[in-house]
Amino acid sequence: MMSLRWQDAEPGDYAVIGNPIDHSKSPQIHQAAYQFHSLPLTYERFCVPLEEFSLALLHLTGLGYKGLNVTLPLKEAAFKWCKVVSPEAEAVGVLNTVNLLTKEGINTDIPAFISTLNQEGIPQGAPLMILGAGGSAQALILSLAKEGYTVSAWNRTKSRLDQLADASPFPFTVLDDPVPPPGVACIVNATSASLAGESLPLDWDSLSSDVLAYDLAYGKPLPFLESASDRGLKTRDGRQMLVEQGALAFEWWLGKLAPRSDMLKATYEHPGTHS
Ligand code: ATR
């Protein structure tokens, strides 16, 4: 499937926007759900540079679009554009799902992440270690701290986390070194190191095999998860979280149960297999 410039959009129903957007699997995921429910809806993808955000939303609304998923670097702009936002979005100042007609916005990334933690049997309040300080890491740290998890965070450039901690109403610990705190249940790689094929200087020695190593990336060999599984840890990549955030968006827009296993299957298909 080709991704279009928003200026070239034709009338449609739903879409994902971002920049870049070529690798988004959201069209496959949502189209699988439309197929399952026999819904005559379209789901497209459009490249939207940050400075064209408001103009693009106005244009797509005029073409009949009802909702958008929003990815990097537009999640903060989407938060500011919405008139009503969910508590999860409010806590982190970014969101990924917009209703164009009501100007409501929700963040489905965070409930999706927590739902996958629950699937792994990691209870609310458990000690978690988050690696990174970029957009995804910041949203996770704040929302998990808000939800009552015991959050420790490490980043190569510590000052980014110190700044976040100073501004955060939800307390979390900033680690000086990449050494997991005792009793940690899950270590989340929210850095971009895996995607670049780089490994992280994590101290693995203290970790027992019931610790979950969770990488938000997916779709290629991830050095972080390879190191974890070499040491006998449980591992999980970001594919199910991706499906869950899409499922929650689908359910919010359409009020129908999302067919998660069909949506998961669709993430393994190459773009272009749906017309
Ligand atoms: P985004 O907002 O997309 O999450 P970002 O702001 O570019 O991305 O952040 C990338 C994150 O990955 C940062 O936390 C970065 O660490 P620095 O803040 O020190 O730059 C981290 N990162 C990237 N490559 C890394 C590597 N090889 N080792 C450790 N951390 C790395």
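Residues numbered from 1 in each chain as written. Predicted model: local features only at pLDDT ≥ 70, side-chain atom pairs only at ≥ 80, totals over all residues. Heavy atoms only, no water.

Considering the site of the ligand
Using the following cut-off: Near is defined per residue: the residue qualifies when any heavy atom it owns lies within 4 Å of the molecule or strand. Polar contact is defined as a pair of N or O atoms within 3.5 Å, subject to the rule that within protein one atom must be able to donate a hydrogen and the other to accept it, and that residues adjacent in sequence are counted only when both atoms are side-chain atoms. All accessible areas in this document rest on Shrake-Rupley with a 1.4 Å probe, and a residue is counted as covered only by the protein chains that are shown.
Of all residues adjacent to the ligand, which total 15 residues, the nearest are Gly135, Asn155, Thr157, Arg160 and Glu198. Contact distances for the ligand include 2.7 Å between an oxygen atom and a backbone N or O atom of Gly135. Its free accessible area being 650 Å², the ligand has 75% of it covered by the protein chains.

A short note on the domain arrangement of the protein
For an interface, size is often stated in terms of accessible area lost upon the parts coming together. Our working rule: Residue ranges assigned to the domains are those given by an automatic or database domain assignment. The contact criterion used throughout is that any non-hydrogen atoms of two residues lie within 4.5 Å. Take the accessible area each of two parts loses on contact, using a 1.4 Å probe, and add the two losses: that sum is the buried area.
Along its sequence, the protein is carved into domain 1 (4-107 + 240-266) and domain 2 (111-237). Centre-to-centre separation of domain 1 and domain 2, based on C-alpha positions: 26 Å. At the interface, 13 residues of domain 1 touch 16 residues of domain 2. Interface area, domain 1 with domain 2, both sides summed: about 1100 Å², of which 71% is carbon and sulfur.

Notes on the pairing of strand E11 (residues 186-189)
Two faces belong to every sheet, and in a regular strand the side chains alternate between them. As a reminder of what qualifies: Burial classes follow relative accessibility: with a 1.4 Å probe on protein chains only, a residue under 20% of its type's maximum area counts as buried, one over 50% as exposed, and anything between as partly exposed. The way it works is that DSSP assigns letters per residue, a run of H or I at least four long becomes a helix, a run of E at least two long becomes a strand, and they are numbered from the N terminus. Only strands joined by at least two bridges in the DSSP assignment are considered to pair.
Neither face of E11 is exposed, since Cys186 and Val188 on one face and Ile187 and Asn189 on the opposite face are all buried. With four bridges joining them, strand E8 (residues 127-131) and E11 adopt parallel strand pairing. Across the sheet, the residue bridging to Ile130 is Val188, located in E11. Where E11 meets strand E12 (residues 212-215), four bridges bridge the pair, whose relative direction is parallel. Residue pairing for E12: Cys186 is matched across the bridge by Leu212.

Notes on the side chain of Thr116
Among the structural elements, Thr116 can be located in helix H5 (residues 109-119). Thr116 gets classed as buried once you look at its relative accessible area, which sits at 1%. When neighbours within four sequence positions are excluded, Thr116 is seen to be in contact with Tyr214, Arg236, Gln240 and Met241.

A word on the nonpolar core
Heads up, the rule is: Here, nonpolar core means buried Ala, Val, Leu, Ile, Met, Phe, Trp, Tyr and Cys residues that are tied together by side-chain atoms lying within 4.5 Å of each other.
Leu117 and Leu144 are the most contacted members of the largest nonpolar core, which totals 34 residues. Of all the elements in the fold, those that place two or more residues in this core are helix H4 (87-92), H5, E8, helix H6 (135-146), strand E9 (150-154), helix H7 (158-167), E11 and E12. Per-element tally for this core: the top contributor is H6, with seven residues. Two domains each put at least three residues into this core: domain 1 (4-107 + 240-266) and domain 2 (111-237). With near-sequence residues (within four places) excluded, Leu144 lies in contact with Phe113, Ile114, Leu117, Leu128, Ile130, Tyr149 and Val151.

Brief notes about the pattern of salt bridges
Note the cut-off: Salt bridge, as applied in this entry: a Lys or Arg side-chain nitrogen positioned within 4 Å of an Asp or Glu carboxyl oxygen.
All told, the structure shown has 10 salt bridges when counted by the stated rule. As a salt-bridge pair, Asp13 and Lys66 come within 2.6 Å of each other at their nearest N and O atoms. Of the two residues, Asp13 sits in the loop between strand E1 (4-5) and strand E2 (14-18) while Lys66 sits in the loop between helix H2 (53-62) and strand E4 (67-70), which places them 53 residues apart along the sequence. Asp13 gets classed as buried once you look at its relative accessible area, which sits at 12%. Of the charged contacts, one joins Lys158 and Asp162 as a salt bridge, the two residues approaching to 3.2 Å between their closest N and O atoms. Placement of the pair is Lys158 and Asp162 together in helix H7, with a separation of four residues, close to one helical turn. Classification of Lys158 as partly exposed rests on a relative accessible area of 29%. Through salt bridges with shared partners, a single network forms among Lys158, Asp162 and Asp176.

As for the packing of aromatic side chains
As a reminder of what qualifies: Only Phe, Tyr and Trp rings are paired, with Trp represented by its six-membered ring, and only when their centres lie within 6.5 Å; those with planes under 30 degrees apart are stacked, over 60 edge-to-face, the remainder tilted.
The final tally for this structure, using the stated rule, is six aromatic pairs. Judged by centre distance (6.4 Å) and plane angle (45°), the rings of Tyr14 and Tyr34 are tilted. In this pair, Tyr14 is assigned in strand E2 and Tyr34 in helix H1 (residues 26-36), connecting sequence segments 20 residues apart. There is no split in this pair, since Tyr14 and Tyr34 are both buried. Aromatic side chains Phe46 and Tyr65 sit 5.8 Å apart centroid to centroid with 80° between the ring planes, which places their arrangement in the edge-to-face category.

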